[in-house]
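Coordinate inspection notes
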2 protein chains.
Amino acid sequence: MTSTPHPLDEALRLSSTTPGQYEGHTHPGYWNMVGPFGGVTAATLLRAILLHPDRLGDPLSLTVNYAGALAEGAFTVQAVPVRTNRSTQHWTLSILQPDAEGAPVVTTTATAVTAVRRETWSVGDTPMPPVPGPLEQPAIAPGFGSEWLGRYEMRPVTGSVPSAWDGSGDHSLTQLWMRDAPPRPLDFCALAALADLFFPRIWLRRARRVPAGTVSLTVYFHASQAQLQATGTGYLLGQARGQEFRNGFFDQAVQLWNEAGAMLATSHQIVYYKE
Amino acid sequence: MTSTPHPLDEALRLSSTTPGQYEGHTHPGYWNMVGPFGGVTAATLLRAILLHPDRLGDPLSLTVNYAGALAEGAFTVQAVPVRTNRSTQHWTLSILQPDAEGAPVVTTTATAVTAVRRETWSVGDTPMPPVPGPLEQPAIAPGFGSEWLGRYEMRPVTGSVPSAWDGSGDHSLTQLWMRDAPPRPLDFCALAALADLFFPRIWLRRARRVPAGTVSLTVYFHASQAQLQATGTGYLLGQARGQEFRNGFFDQAVQLWNEAGAMLATSHQIVYYKE
């Protein structure tokens, strides 16, 4: 019996002949409108770090700047550990694709920190909101246009994509249960991708579907390997809210908890919108 | 009559003979425990971008990774516009200092996005909390150890530094009115520094003063030049809250409004703590 690889594992496949230099290929299953789903691009950058032979510790923070859309095809990830301390390591990354003349063009820049974590006094200071469980919410039927939406199971609690684009919006809060489809045991890369799962807050706030795209995304990882393993293929509750919509850009604040109520990651992004 | 330069302008003084390469010097007035106040380091990186002859637009986002403490003395800022689009520009930055043998060592990495912003539909979705005005709160007397605290006027509304380190803490919310001391008209660099003004959330949450230091800071700029000018030397209301304290690191979410209630910036950081 052979098992088919999960589409996320296919999308994150990187090969390397030089430490810090990785070759990958965009995956049709995670295609968005004009490039790959940004969450998979973030996960790909993290994957390069995790593959690096000199890596110290687990992901702590990741900032991804979407400088230009990745074209369908091959790309190169560069991941450089620019400074390694006793328990933290600082990374600078970029994704490159050749232009029409074959010259490398930067499509994405990033920085990251990995860290060796020790058990300390800990407390969650943002409890998971009291919401109905994942199976009490119907899953969204995939297919509002982008292929990547079919790679996730989404069960909205509140703040779904507006059913009418009538300008009636009055808030920007979405809460939804989410996981990979088909289910896949959670790891740091999948978590990074899930942090970018939310549709643009401006669509909800305005009930108007204007062009929008993430410019910069930051993920802070709070989960340990053990917490990820304990989460397994369970659902995450994701919460996203806009804070300020101003002259072409809004910011989004995100929290992700597992079903047991443990905060696995917090995330933020600044997003371009038109009109 | 000659006027003395403001200490922040002194601290942000950079000279350059090559575009993208800037020489600066740490300023004793902004000294923290083992290096400069992190907010001034963020402001210095932003200053390098603003001085660059190829810059497009105003600051939109800035992420600073504190890889190692800056030593007292000279440093070099490298600021490279790695990709320029029609209305956004993506920057990669670093700060370098020579080690004992004179070899350059990276102390700080950063990325930033600048953008040409156009007037669009806009709305604030996180109103300023109803708090008493700045002059109704007494200013903190400077001098709990670090020189840089004397460069800011801070008028706490709630969540002051605990008066007793007795382990009695039960929340991590601080709200305070703040501005440069002496007063200085607000600009993007000063705003970046103010985003890092808060004492470590872990001190408040635990009422215990454990070693702590920012690892990575992100600032999203919502303000226009006109809003900064309208704010002038007025106070900002800053709000900071921890979300998750877990195994040596916590994250902090920050909002900054001017007295008129306009959201000027939102910010986040992940912070190391011991024990």
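Residues numbered from 1 in each chain as written. Chains lettered and ligands numbered in written order. Predicted model: local features only at pLDDT ≥ 70, side-chain atom pairs only at ≥ 80, totals over all residues. Heavy atoms only, no water.

Per an unreviewed UniProt entry, chain A carries the name Acyl-CoA thioesterase and comes from Acidovorax delafieldii 2AN.

Attention shifts here to the overall build of chain A. The secondary structure content of chain A amounts to five helices and 13 strands. Seen through its principal axes, chain A has C-alpha atoms that stretch 55 × 50 × 50 Å. Put simply, chain A has 275 residues, and 59% of those count as buried. When contacts within chain A are restricted to residue pairs at least 6 apart in sequence, long-range pairs at least 24 apart make up 70% of them. Computed over 19 positive and 22 negative side-chain charges, the inter-centroid distance for chain A is 4 Å. (Helix = DSSP H or I, 4+ residues; strand = E, 2+ residues; numbered from the N terminus. Buried < 20%, exposed > 50% of the residue type's maximum accessible area, 1.4 Å probe, protein only. Contact = heavy atoms within 4.5 Å. Lys, Arg positive; Asp, Glu negative; His and termini not counted. Charge placed at Lys NZ, Arg CZ, Asp CG, Glu CD.)

Residue and element names in this part refer to chain B. Under the counting rule described, the total for this entry stands at 16 salt bridges over all chains. Taking the shortest distance from any N to any O, the salt bridge between Arg184 and Asp9 comes out at 2.8 Å. Taken together, the residues span a long stretch of sequence, with Arg184 in the loop between strand S9 (174-180) and helix H3 (188-194) and Asp9 in helix H1 (residues 7-11) at a distance of 175 residues. When its relative accessible area of 9% is taken as the criterion, Arg184 is described as buried. Residue Asp9 is classed as partly exposed on the basis of its relative accessible area, which comes to 35%. (Salt bridge = Lys/Arg side-chain N within 4 Å of Asp/Glu carboxyl O.)

Moving on: the interface of chain A and chain B. Interfaces are often described in size by the accessible area the parts lose on coming together. Contacts between the two partners involve 57 residues from chain A, matched on the other side by 57 residues from chain B. For the pair chain A and chain B, the two sides together bury roughly 5300 Å², of which 55% comes from carbon and sulfur. At the boundary of chain A and chain B, one finds two salt bridges. As a salt-bridge pair, Arg205 of chain A and Asp125 of chain B come within 3.1 Å of each other at their nearest N and O atoms. Our enumeration of links across chain A and chain B arrives at 38 residue pairs in polar contact (both at pLDDT 80 or more). Note that strand S11 (residues 236-246) of chain A and strand S7 (residues 123-124) of chain B share two bridges and pair antiparallel. When the bridges of S7 of chain B are listed, Glu244 of chain A appears paired with Gly124 of chain B. (Buried area = accessible area lost by both parts, 1.4 Å probe. Polar contact = N/O pair within 3.5 Å; in protein donor to acceptor, adjacent residues only side chain to side chain. Pairing = 2+ DSSP bridges.)

Moving on: the relation of the copies chain A and chain B. Rotating chain A by 180° and translating it 0.0 Å along the rotation axis places it on chain B, where the RMSD comes to 0.0 Å. Such a combination of turn and shift is consistent with a two-fold rotation axis. In this assembly the copies share their binding face: 100% of the residues contributing to the interface of chain A also contribute to that of chain B. (Least-squares fit on C-alpha atoms with pLDDT ≥ 70 in both.)

All names here are of chain A. Across the twelve residues of strand S6 (residues 104-115), ten count as buried, placing the element largely inside the fold. As paired elements, strand S5 (residues 88-98) and S6 share eleven bridges and run antiparallel to each other. Bridged to Thr92 within S6 is Thr111. Adjacent in sequence and paired antiparallel, S5 and S6 are bridged by five residues, among which Gly102 carries a positive phi angle near 90°.

Attention now goes to the pairing of S5 of chain A. The side chains of a regular strand alternate, first on one face of the sheet and then on the other. All names here are of chain A. Counted residue by residue, S5 has nine buried out of eleven residues, so it is predominantly covered. For strand S4 (residues 74-84) and S5, the ladder comprises eight bridges, and the chain directions are antiparallel. If you follow Pro81 over to S5, its bridge partner there is Trp91. Here S4 folds back onto S5, and the loop between the two strands holds three residues.

Attention shifts here to the side chain of Asp125 of chain A. Assignment of secondary structure puts Asp125 of chain A in the loop between strand S7 (123-124) and strand S8 (152-158). A relative accessible area of 18% means that Asp125 of chain A is categorised as buried. For Asp125 of chain A, the side chain forms a polar contact with the side chain of Arg205 of chain B, separated by 3.1 Å. Once residues lying within four places of it in the same chain are set aside, the contact partners of Asp125 of chain A are His171, Ser172, Arg205, Gly242, Gln243, Glu244 and Phe245 of chain B.

This paragraph deals with unusual backbone geometry. With omega at -5°, the peptide bond leading from Ala181 of chain A into Pro182 of chain A counts as cis. Residue placement: Pro182 of chain A occurs in the loop between strand S9 (174-180) and helix H3 (188-194).

What follows is about the packing of aromatic side chains. Residues and elements named next belong to chain A. Scanning all chains against the criterion turns up 22 aromatic pairs over all chains. Between Phe37 and Tyr152 the ring centres are 5.7 Å apart and the planes differ by 75°, which places this aromatic pair in the edge-to-face class. Residue Phe37 is found in the loop between strand S2 (21-25) and helix H2 (38-51), and its partner Tyr152 is found in strand S8; the two are separated by 115 residues along the sequence. According to the relative accessible area criterion, Phe37 is buried, its value standing at 2%. (Phe/Tyr/Trp six-rings, centres within 6.5 Å; stacked < 30°, edge-to-face > 60°.)

Our next topic: H2 of chain A. Think of an α-helix as turning once every 3.6 residues; residues three or four places apart then point the same way. Residue and element names in this part refer to chain A. Compared with the 20 Å implied by 1.5 Å per residue over 14 residues, the 20 Å span of H2 between its first and last C-alpha is a close match. Most of H2 is tucked away: eleven of the 14 residues are buried. Buried within H2 are the following residues: Gly38, Gly39, Val40, Thr41, Ala42, Ala43, Thr44, Leu45, Leu46, Ala48 and Ile49. (Expected span 1.5 Å × (residues − 1).)

For the rest of this paragraph, the subject is the environment of Met178 of chain B. Residues and elements named next belong to chain B. With respect to the helices and strands, Met178 occurs in strand S9. A residue is classified by how much of its surface remains accessible, and Met178, at 0% relative accessible area, is buried. Measuring from C-alpha to C-alpha, the distance between Met178 and Thr218 comes to 19 Å, with 40 residues separating the pair along the chain. Apart from the residues within four sequence positions on either side, Met178 is in contact with Glu153, Leu194, Leu197, Phe198, Tyr235, Leu236, Gly238 and Leu256.

Position of Thr88 of chain B relative to the elements: it lies in strand S5 (residues 88-98). If near-sequence neighbours (up to four positions away) are discounted, Thr88 of chain B is found in contact with Phe249 of chain A together with Leu56, Arg83, Val113, Thr114 and Ala115 of chain B.

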